[in-house]
Amino acid sequence: MRVLCVAEKPSAAKQLARILSDSNYQTQATGNQYIKNYTFDYTINNRNATIVMTSLLGHIMDCDFGPECKYWNSVPMEDLFVAPIHRTVYEKQTEIADNLRSEARNAQALFIWTDCDREGEAIGAEVEQICLEVNPRLEVWRARFSAMQPAEIHRAASQRNPLDRRQVEAVNSRQELDLRIGSAFTRLQTLRLQQRFFGGEKPIISYGSCQFPTLGFVVDRYTAIENFVAEDFWRIDMEYASQSEKDSSIKVKFNWKRTRLFDYWAAFVLYEACYQNPMATVKRVQKKRVSKWKPLPLTTVELQKAGTRLLHLTGERIMTIAESLYNRGLVSYPRTETDEFDKDFDFQRLIRMQVNDRQWGTQAQLIRDGEFERPRNGGHNDKAHPPIHPTGYDQDLSYDDRRVYEFIVRRFLACCWKDAVGFETVVDAQISGEMFDTKGLVILERNYLDVYPYDKWSASVLPDFQENEQFLPALLQLTKGTTTPPNLLKEYDLIALMEKNEIGTDATIADHIQKIIDRRYVYKTGEYFNPSTLGIALVRGYDEIGFETSLSKPFLRREMEADLKRICEGNKNSGEVLQQSIGQYSEMFARTVRQFNKIVSSMETYFDREEFVRNAAQSTRDRGGAFADNNEAPASADRGRGRGRGSGRGSTGTGTRARGFTRGSTRGSTRGYAQGTGRGASTRGEFSDSTSARGASTRGDFSDSTRGRGRGRGRGYAGGDPTGSATCDCGLPPMRRLVQNNGPNWNKPYLACSKSDFNERCRFFEWAE
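Residues numbered from 1 in each chain as written. Predicted model: local features only at pLDDT ≥ 70, side-chain atom pairs only at ≥ 80, totals over all residues. Heavy atoms only, no water.

A few words on the nonpolar core. The biggest cluster of nonpolar side chains holds 71 residues, and the ones touching the most others in it are Val3, Met53, Trp113, Phe145, Leu303, Phe412 and Leu413. For this core, the element with the most residues is helix α12 (residues 399-415), which contributes eight residues. With residues up to four places along the chain from it excluded, the contact list for Val3 reads Ile44, Ala49, Thr50, Ile51, Val52, Ala109, Phe111 and Trp141. With 59 residues, the next largest nonpolar core counts Phe197, Leu534, Ala537 and Ile599 among its residues. (Core = buried A, V, L, I, M, F, W, Y, C linked by side-chain atoms within 4.5 Å. Buried < 20%, exposed > 50% of the residue type's maximum accessible area, 1.4 Å probe, protein only. Helix = DSSP H or I, 4+ residues; strand = E, 2+ residues; numbered from the N terminus. Contact = heavy atoms within 4.5 Å.)

The following block contains the structure:
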């Protein structure tokens with residue numbers, strides 16, 4: 001019996017072959033330099049079989065219009081909502097498809113080993129279609145697994161599951177909707193705005209039903225800051241200081257229970273009463289045992305949120321690393337919505353793997369030897385994968401890989417320990433009828449906090465207050481303050497908003513954020529997202545049209561995502577969802593065409609072309625570079641299912657429309673924002689690394705595609721050849737890069753720190769020539 005096995009990525013295929021063959025396999029080259037066929041013998045359900053394990057580079061089939069719609073002016077834009085759609089092999093992946101056909105002709109069974117999620121199911125269906133065309137008698141099996149571990153993989157090999165057709169239908173429906181909606185609105189925006197506002201440049205002014213709500217969140221926060229009006233307020237501050245020589249260093253701040261008042265005279269009257277009779281009386285002392293709950297098991301969205309906040313990495317970077325760790329067998333599948341473990345989950349085996357680590361091994365031993373307590377249940381279970389957890393151990397990881405792996409391990413160990421326990425004291429005091437309170441905490445058992453330093457729980461000691469005790473405050477004053485605007489969004493905030501409003505999935509959130517950076521709709525100032533003048537103009541232009549459900553708000557996409565879930569659950573069919581969504585968006589498109597002058601007017605008001613050009617220069621990435629191992633696919637081909645990406649970082653702008661918020665301080669220690677006018681200070685100037693497209697690119701009529709599809713899971717490799725001729729200040733081989741700033745040195749090669757995260761790079765610099 002001959003079985004063709006197909007994995008989603010080259011590294012996954014190699015790891016699966018290594019596990020199933022016990023590293024006893026033969027390797028054959030294919031027509032694609034990154035794809036290898038691994039042949040070995042294996043026993044499937046007591047039947048001897050010859051296995052050929054091969055792989056893809058993500059999606060192998062394209063969903064696109066026919067040639068009659070290729071040129072943007074060849075058909076009316078509204079016809080794109082009804083034009084025929086074809087699914088064909090990507091032109092750049094014909095060699096991979098040929099390899100599948102060649103192997104399928106001689107096989108008796110097709111075993112699909114793509115990632116076990118909705119997108120992986122659709123990719124598996126594409127493989128099935130290609131193989132059945134040349135061998136209709138093939139049996140088709142689906143492997144289901146969550147970790148690249150021998151026991152899990154051998155178990156999956158012994159079970160023959162069918163493809164989940166509902167998930168395939170959901171993905172195909174999403175692809176069709178994204179194609180029709182994105183293409184129509186993108187062509188409209190680009191053709192009507194490009195020549196008028198961008199001169200000789202020809203940028204794609206793209207629209208996406210996830211892309212625009214994501215942009216909308218950033219613009220909404222910017223608008224809230226822009227419209228913010230500061231208000232003065234007053235509060236009464238009260239402080240206790242011990243009179244005892246033994247406890248003379250103890251000072252306790254009490255909080256006014258009214259918090260603050262915006263009427264000065266009302267606050268003054270209350271303060272005057274306290275000032276005239278300042279004796280404080282302790283009215284209540286409450287003491288109780290309290291717990292700080294350990295964290296829930298780790299989901300994909302929580303990994304991105306926590307990682308951006310605690311590790312200061314982008315969500316896209318975190319997911320790229322997590323997938324790499326998964327492919328190396330170190331963590332479970334990193335794309336899951338599940339935050340509870342199954343009842344028969346083997347925790348002890350995984351805990352034992354960690355006991356020899358120098359940093360957290362001691363805590364792992366304590367959990368193993370009796371401190372274990374079953375993790376909390378979060379109430380979400382996608383029935384496909386467990387929460388993210390470590391599945392292997394490697395002490396030789398370095399840089400960001402080590403940091404992400406450490407976070408996953410510590411999160412898992414924290415889940416398996418006990419809650420922290422403390423003793424809390426709450427004291428209420430009264431002065432002339434005004435109530436104040438304070439809290440003290442003594443930590444009795446740190447438990448999970450010892451292995452999870454990302455959570456903070458600080459102790460604060462209070463004197464032994466007694467009810468009806470009286471004291472004279474050491475401080476009693478009326479303090480003036482001023483309200484401050486909200487902060488611009490950080491990536492953590494943006495991910496949280498997208499999760500709450502169901503924009504994208506756990507697997508695509510990071511990609512949508514990167515897309516609005518690539519399109520120069522937003523730029524980052526440090527950790528903060530600032531909308532560009534182009535982003536502001538587009539959002540406010542659509543808002544001016546006055547749709548009942550705005551295209552820049554999350555409601556339409558949220559309903560579409562809910563419908564896709566209903567398809568997966570069998571509660572709706574794909575035809576019904578397509579008809580409803582296409583009808584809704586086509587009506588909105590017709591209205592946009594009629595009132596497009598409002599978007600033009602918004603562009604005239606807000607758009608700053610000089611800022612757009614600067615952002616374009618900032619976002620230019622290096623091109624070129626080589627791979628350390630020519631026998632493996634580049635990271636761009638091995639991670640993700642969409643196109644490669646770059647990232648743009650702009651400045652606050654120049655000219656009359658220059659804008660941007662700068663973190664500053666107002667009135668003492670109060671944080672605020674100052675709106676920039678005239679020439680603003682640019683964000684950090686940096687040379688950028690190149691990104692190479694991975695997966696298959698869409699066919700476009702311009703130099704870029706009309707829309708984004710698939711999950712686009714990773715971006716490409718960082719360009720440049722590592723060289724051993726020197727070391728940077730970090731002691732690492734430097735990376736060869738190209739100067740991208742306009743000037744006499746443009747495109748000149750230089751050597752710089754090879755760390756992937758710009759914020760961690762040292763200042764090493766040498767010309768390469």
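Once you've had a look at it, read on.
This paragraph deals with the sheet that holds strand β14 (residues 470-471). Across the sheet, which stays open at both edges, the seven strands sit in the order β14-β11-β12-β13-β10-β9-β15 with antiparallel pairing between neighbours. The sheet is open, and its two edges are formed by β14 and β15 (475-482), each paired on a single side. Inspection of the sheet shows strand β10 (residues 251-256) paired to strand β13 (residues 434-445) by two bridges, in the antiparallel sense. Directly across from Trp256, in β13, lies its bridge partner Phe436. (Pairing = 2+ DSSP bridges.)

A separate point is the packing of helix α5 (residues 165-198) against helix α18 (residues 596-606). Interhelical geometry of α5 versus α18 gives an angle of 35° and a closest axis separation of 11 Å. α18 is crossed by α5, and the crossing has right-handed handedness. In contact with Leu188, Gln189, Arg192, Leu193, Arg196, Phe197 and Phe198 of α5, α18 contributes Phe596, Ile599, Val600, Met603 and Glu604. Residue composition of the contact of α5 with α18, by class: eight nonpolar, one polar and three charged. (Axes fitted to C-alpha atoms, helices over the stretch in contact; angles between N-to-C directions. Left-handed = near helix turned anticlockwise from the far one by under 90°. Nonpolar A, V, L, I, M, F, W, Y, C, P; charged D, E, K, R; others polar.)

Our focus in this paragraph is the packing of aromatic side chains. Evaluated as defined, the whole model comprises 36 aromatic pairs. Aromatic pair Tyr264 and Trp265: ring centres 5.0 Å apart, planes at 70°, arrangement edge-to-face. Grouping aromatic residues by their ring pairs yields a cluster made of Phe81, Phe185, Tyr207, Phe212, Tyr521, Tyr542 and Phe589. For Arg192, the ring lying beneath its charged end belongs to Phe596, and the centroid distance is 5.5 Å. For the cation-ring pair, Arg540 lies above Tyr606, with the distance from its terminal atom to the ring centre recorded as 4.9 Å. (Phe/Tyr/Trp six-rings, centres within 6.5 Å; stacked < 30°, edge-to-face > 60°. Lys NZ or Arg CZ within 6 Å of the ring centre and 35° of its normal.)

Taken N-terminus to C-terminus, the directions of helix α17 (residues 574-594) and α18 make an angle of 60°; their axes are 4 Å apart at the nearest point. The orientation of α17 relative to α18 falls into the category oblique. Contact residues: α17 offers Thr592, Val593 and Arg594, while α18 offers Phe596, Asn597 and Ile599. Here the residues of the contact of α17 with α18 sort into three nonpolar, two polar and one charged. (Parallel < 35°, antiparallel > 145°, perpendicular 65-115°, else oblique.)

Below, the discussion takes up the confidence of the model for the protein chain. Confidence in the prediction of the protein chain, expressed as mean pLDDT, is 83, and 81% of residues score 70 or more. Predicted confidence for residues 621-725 stays below pLDDT 50, and this span has 346 contacts to residues more than four positions away or in other chains. (pLDDT = per-residue confidence, 0-100.)

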